[in-house]
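Below are the chains, spelled out letter by letter.
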Amino acid sequence: MGKISRSNRHKKRTVGSFLACIGCLMIMSVVLFSGCGKHTEEKEKDSSAKGRYMEKEVELPVQEGESVLNLTKSTEGNIVLFSRQDNTQIFRYEYKEKQWEQTSLEWVDNLLGERNSEVLSVLETNDKTQIIRAVNEEGAVLIARGSDMQSGEFLEIPYLTQQTEFGYQFITDMAVDGIGQIWMYEMYNGKVAIINPDSLEVIQELNAVPAFSENQKVLFSTEDGRVAVNTEEGLFTIYNHDLEETGTLKGEWKEGFQACNSGKEYYFVSGEGIARYVEGNEKGEILLEGSMGAMGSFINTARDIVQGEENTFYVLYSQDKEMTYRLMCYEYDAEAPAVPEHTLQVFGLTENTTVQEAAIEFQKLHPDVKIELRTPSGGGMAVDDIRTLNTELLSGKGADVLLLDGLPLDAYIEKGILKDLTGMTEELLKEDTYMDSLLQNTAQADEKIYGLPIKFSVPVLYGNEEVKRALNSLGDLNAYLENYPEANIFGIANKAYIRDFLFQMYQDEILEKDGVNQKKLTLLLEIEQKLAVNARSEIFDDVGIVEMGASSGNLVNQGMFDNIGSPVIRNHPESVSTNKISSVRSMMIPYTIMRESNLQPETVKDFYLPSGVVGINQNTKQMDIAEEFVKYLFSKEIQDVKLDDGFPVLKSALKARKDEANSAYAANYFVSSSWSFEIEGEDVDTIDAVYPTADEVEHLFELCDSLKIPVKQDCMIWNIYQTEADACLKGETDAETAAAAIVQKMDTYLAE
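What counts and what doesn't
- For every chain, the first residue of the written sequence is number 1, and numbering continues from 1 onward in sequence order.
- Confidence filtering applies because this is a predicted model: local features only for residues at pLDDT of at least 70, side-chain atom pairs given and counted only at 80 or more, and all residues used for totals across whole chains, interfaces and linings.
- The side-chain values count all of the structure's non-hydrogen atoms but skip hydrogen atoms and water molecules.
- Only DSSP runs of H or I with at least four residues qualify as helices, and only runs of E with at least two residues qualify as strands; both kinds are numbered from the N terminus onward.
- Exposure categories follow from relative accessible area, calculated using a 1.4 Å probe and restricted to protein chains: below 20% of the type maximum is buried, above 50% is exposed, and the middle band is partly exposed.
- We call two residues contacting when some pair of their heavy atoms lies within 4.5 Å.
- Surface accessibility follows the Shrake-Rupley procedure with a 1.4 Å probe radius. Residue values consider only the protein chains on display as shielding.
- When DSSP finds two or more bridges between two strands, those strands count as paired.
- Aromatic contacts are taken between Phe, Tyr and Trp rings whose centres are within 6.5 Å, Trp giving its six-membered ring; a plane angle under 30 degrees counts as stacked, one over 60 as edge-to-face, and the others as tilted.
- Our arc is simply the arc of the directions from the helix axis toward the C-beta atoms.
- Inter-axis angles, ranging from 0 to 180 degrees, are taken between N-to-C directions of lines fitted to C-alpha atoms, where helices are fitted over the stretch in contact.
- Salt bridge, as used here: a side-chain nitrogen of Lys or Arg that lies within 4 Å of a carboxyl oxygen of Asp or Glu.
- One less than the number of residues in a helix, times 1.5 Å, gives the span that helix is expected to have.
- Polar contacts here mean pairs of N or O atoms no more than 3.5 Å apart (in protein, one a potential hydrogen donor and the other a potential acceptor; neighbouring residues in sequence count only if both atoms are side-chain atoms).
- An angle below 35 degrees is read as roughly parallel, one above 145 as roughly antiparallel, one from 65 to 115 as roughly perpendicular, and any other as oblique.
- What makes a crossing left-handed is the near helix being turned counterclockwise from the far one by less than a right angle; a clockwise turn instead makes it right-handed.
- Each residue receives one of three labels: charged for Asp, Glu, Lys and Arg, nonpolar for Ala, Val, Leu, Ile, Met, Phe, Trp, Tyr, Cys and Pro, and polar for the others, Gly being one of them.
- For our purposes a nonpolar core is just a set of buried Ala, Val, Leu, Ile, Met, Phe, Trp, Tyr and Cys residues, chained together by side-chain atoms within 4.5 Å.
- The score called pLDDT rates the predictor's confidence residue by residue, from a low of 0 to a high of 100.

## Some thoughts on the overall build of the protein
Then, in step 1: What the protein contains, in helices and strands, is 18 helices and 42 strands.
Then, in step 2: Across the 752 residues that make up the protein, the buried fraction comes to 57%.
Then, in step 3: Taking the contacts inside the protein whose residues are at least 6 apart along the sequence as the reference set, 64% of them involve residues at least 24 apart.
Then, in step 4: A total of about 32200 Å² of accessible surface is found on the protein, and carbon and sulfur atoms cover 45% of it.

Structure representation (structure tokens):
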């Protein structure tokens, strides 16, 4: 069996890790048009109803050189922001009558500056005591306490000097109860230690949920001096200072939430929105949907939430890649329509992060419009669901805007479902400089344009030059294998990669204008069988490989260029490998491999993978809004957003991506990955990858200028092919029988 594990680690003990593993997916039918995953489905509401929360930004008071730490609330109910300069110089800003008042906590610098430490957060209690959490160069957490904003003391807490198998106790979250006891969450052991404020000894330890990020909210104080601890998934247990359980909160909190308390009510903010809970209740009330505010944005991470005056909330967000912060105020407007006057439906097979980002910002510009993002339940579609969607569109119904990735684009164009976007494209090209070949080639027919890609990815190929040439055509590859029947084309690869990569390479040869070329399809399947043996793909057979078909919830093109075994090319110079590059960060591992092996990337047949191919339903009743939203997707404001779901098609935004390679974020980010294959002669393969250089990014972008052939994405064609090809690769049928089945099913589908 192949074992694959990867972990990301940030410097300065920022812990962000993940496992890349392969899991089985159960294929099931789905119900069309359920709510989009990150946002709560809207219930039917009276269009005349009044009252909803409105979002507006509050300018942060920090000056150049200051770093935002956290947000809290003063005894008087004002929001308080803490910032840091030069590691230990701390500023306190209190927001009074919409003005910030600054106080410098000089005592913190006096106590911690000489200890070579960096302040991470500041807690402030009801009696205005500040608890400072810092970390020194050895990774030990330091705590200081001040009482009058003018003086303080360093707390010699024995617990913090104890060593674990990972080093010093790693404290990532803290709270203070009504008698000053300090509650600390230790991330490595998943324990909460309660520290006596006088003796500084541990009173007791409590179990808590395991945290997978140092920013995960595990505990917080209540206004009456208790502490809420996330003891189980979906459960906060509330303790008094005697460590007695006094209540619970139950809910389905999503990753990345923050929480606060105000009297008997508790408020949580996450990508789902802002929700209100009360003790003992298992159902929360959504006050603001995530799709209507900054919390729904993929570039924002909620860091703190504070309730200000009645019906007003403040949320501090970080933008990690930009290393910036924003403060948003949510205030209830009793006169605002509860539901915006217009609702624009946008439908796609899967969620699209750039479209979600654009929807949030578009709604701010147009408060009378709600963008409703919809996907099928489970994120994928079965054959019957495609037919249902087609029936709706042909009858003049369906979503106003369509994300065409994976949908039968050619059929939609032929049947007149899509609006002609040629004029809009020409207008865009006059207003700014875009990757014009991508805009014009992705969804074009009869010299008219019916869909435009918002983003794109680049498949790159690197390795043995002779093998590269052999991959040019199905005939060339067959001739190469006749001369070298045991050729190790792909090093180590699983069947799914071989199956999908080769079908994409030769799809145009097989799917001819008059139908499927059964002879070439049979040859393709025979070659796949040979290459699967040569690539020792059997090591993956007892590991559930994620299928990329329609029913799995993934678009067909998302994995066809990514070979799990690509790192072994360093030990197999006779092979080639490919990767899909969709962001500067995704260049890290493949470019480290190429750098170490002295290889250069090239494009794969000038292919590009369009992402978020947007079209407009010809029969929409809201054509003006639909056109304005589609144009907004290509605006500088949206194209400039640094998301990793593809490269922007706006050239100035693409060029700006090069700066990411030289950013402080890139300097502090690295990936350590290891591959272990239980094969004789294949050792554990470890890669320590850093961000690519600016020159490497620039060279990649030069390659982008040659891209002109979009990867075809009809998910139903791919699903038919994958199902029968799998049977062939598993030895359940022969190539000729599988090819015949594919031809029969594809002919039936295309005839529809």
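Text resumes after the structure shown.
## Topic: the side chain of Q622
Then, in step 1: Summarising the element assignment, Q622 is placed in the loop between β38 (607-616) and α12 (623-633).
Then, in step 2: When its relative accessible area of 18% is taken as the criterion, Q622 is described as buried.
Then, in step 3: Beyond its immediate sequence surroundings of up to four residues, Q622 is in contact with H342, T343, L344 and D400.

## Notes on the pairing of β38
Two faces belong to every sheet, and in a regular strand the side chains alternate between them.
Then, in step 1: Of all the ten residues making up β38, ten are buried; the element is thus mostly covered by neighbouring parts of the structure.
Then, in step 2: Pairing analysis gives three bridges linking strand β31 (residues 401-403) to β38, with the strands arranged antiparallel. Among the inter-strand pairings, L403 is bridged to a residue of β38, identified as V614.
Then, in step 3: The sheet contact formed by strand β33 (residues 448-463) and β38 spans five bridges and is antiparallel. When the bridges of β38 are listed, S457 appears paired with L609.
Then, in step 4: In this structure, β38 lies alongside strand β42 (residues 709-710), joined through two bridges in parallel fashion. Note on β42: the bridge partner recorded for Y608 is P710.

## A short note on the packing of aromatic side chains
Then, in step 1: Inspection of the entire model under this criterion finds 34 aromatic pairs.
Then, in step 2: With a centroid separation of 5.9 Å and an interplanar angle of 50°, the aromatic rings of Y53 and F313 are classed as tilted. Pair noted here: Y53 is in strand β3 (residues 50-58) and F313 is in strand β27 (residues 312-319), with a separation of 260 residues, a long-range link. By the burial criterion, Y53 is buried, and F313 matches it.
Then, in step 3: Seen from their ring centres, F647 and F701 are 5.4 Å apart, and the 85° between their planes marks the pair as edge-to-face.

## Remarks on helix α5 (residues 422-431)
Then, in step 1: Of all the residues in α5, the buried ones are T422, M424, T425 and L428. Along the axis of α5, the buried residues cluster in a sector spanning 160°; they form a single face. Along α5, exposed side chains directed more than 90 degrees from the buried face belong to K430 and E431.

## Some remarks on the sheet that holds strand β19 (residues 227-232)
Then, in step 1: Strand order in the open sheet made by the four strands is β18-β19-β20-β21, with antiparallel pairing throughout. With one partner strand each, in any of the chains shown, β18 (219-221) and β21 (245-250) form the two edges of the open sheet. Strand-to-strand twist across the sheet, computed as the mean angle between neighbouring axes with direction ignored, equals 25°.
Then, in step 2: Pairing of β19 with strand β20 (residues 235-239), which is carried by five bridges, proceeds in the antiparallel orientation. Note that in β20 the partner of A228 across the bridge is I238.

## So, the pattern of salt bridges
Then, in step 1: Taken as a whole, this structure holds 36 salt bridges when the rule is applied.
Then, in step 2: A salt bridge links R226 to D224; the nearest nitrogen and oxygen atoms lie 3.1 Å apart.
Then, in step 3: Close ionic contact of K321 with D644 constitutes a salt bridge, the shortest N to O distance being 2.5 Å. Here K321 is found in the loop between β27 and β28 (324-337), whereas its partner D644 is found in the loop between α13 (636-639) and β39 (647-648), with 323 residues between them in sequence.
Then, in step 4: Classification of K321 by relative accessible area gives buried; the value is 13%.
Then, in step 5: Overall, D644 belongs to the partly exposed group, its relative accessible area being 24%.
Then, in step 6: Salt bridges sharing partners connect three or more residues here, namely K321, R585, D644 and E660.

## Some remarks on helix α17 (residues 715-729)
It helps to recall that an α-helix has 3.6 residues per turn; residues three or four apart then point in one direction.
Then, in step 1: With 15 residues, α17 extends 20 Å between its outermost C-alpha atoms, agreeing within 8% with the 21 Å of an ideal straight helix rising 1.5 Å per residue.
Then, in step 2: Counting buried positions along α17 gives 14 out of 15 residues, so the element sits mostly inside the fold.
Then, in step 3: Taking the backbone nitrogen of M716 as reference, a side-chain oxygen 3.1 Å away marks D714 as the first, capping residue of α17.
Then, in step 4: One or two positions beyond α17, positive phi appears at G731, with a value near 80°.

## Overview of the packing of helix α10 (residues 518-534) against α17
Then, in step 1: Direction vectors running N to C along α10 and α17 enclose 50°, while the axes themselves pass 10 Å from each other. Our classification of the angle between α10 and α17 gives oblique. As for the relative orientation of α10 and α17, their crossing is right-handed in sense. Two secondary-structure elements touch here, α10 through L524, L525, E528, Q529 and A532 and α17 through Y721, A725, C728 and L729.
Then, in step 2: Of the residues contributing to the contact of α10 with α17, the split by class is seven nonpolar, one polar and one charged.

## Re the sheet that holds strand β6 (residues 89-96)
Pairing between the strands of a sheet is mediated by backbone hydrogen bonds and can be parallel or antiparallel.
Then, in step 1: Read across the open sheet, the four strands follow the order β4-β5-β6-β7; overall the sheet is antiparallel. At either margin of the open sheet sits one strand with a lone partner, and together these are β4 (66-73) and β7 (99-105). Along the sheet, successive strands turn relative to each other by an average axial angle of 25°, direction set aside.
Then, in step 2: Bridging between β6 and β7 involves seven bridges; their strand directions are antiparallel. Within β7, the residue paired with I90 across the bridge is L105.

## Details of the environment of F170
Then, in step 1: Here F170 shows up in the loop between β13 (167-168) and β14 (171-176).
Then, in step 2: Linking F170 and V135, residues 35 residues apart in sequence, is a C-alpha distance of 9.2 Å.

## Brief notes about unusual backbone geometry
Across the chain, the bulk of peptide bonds are trans and the bulk of non-glycine residues have phi less than zero.
Then, in step 1: The backbone of M323 shows a phi angle near 60°, a positive value even though the residue is not glycine.
Then, in step 2: In this fold, M323 is placed in the loop between β27 and β28.

## Comments concerning the nonpolar core
Then, in step 1: Membership of the largest hydrophobic core comes to 69 residues, with the highest contact counts inside it found for L471, F490 and L502.
Then, in step 2: With residues near it in sequence (within four places) discarded, F490 still touches Y497, I498, F501, L502, L531, N563, S575 and V576.

## Brief notes about the side chain of E724
Then, in step 1: Along the polypeptide, E724 turns up in helix α17.
Then, in step 2: On the accessibility criterion, E724 (13% relative accessible area) is buried.
Then, in step 3: Setting aside residues up to four positions removed in sequence, E724 forms contacts with A738, A741, I742 and K745.

## Points about the confidence of the model for the protein
Then, in step 1: Looking at the protein, the pLDDT average stands at 87 and 89% of residues meet or exceed 70.
Then, in step 2: Of all helices and strands in the protein, the one with the weakest mean pLDDT is strand β2 (residues 34-35) (32), whereas α12 scores best (98).
Then, in step 3: The low-confidence segment residues 544-557 (pLDDT under 50) makes 55 contacts with residues lying over four places distant or belonging to another chain.

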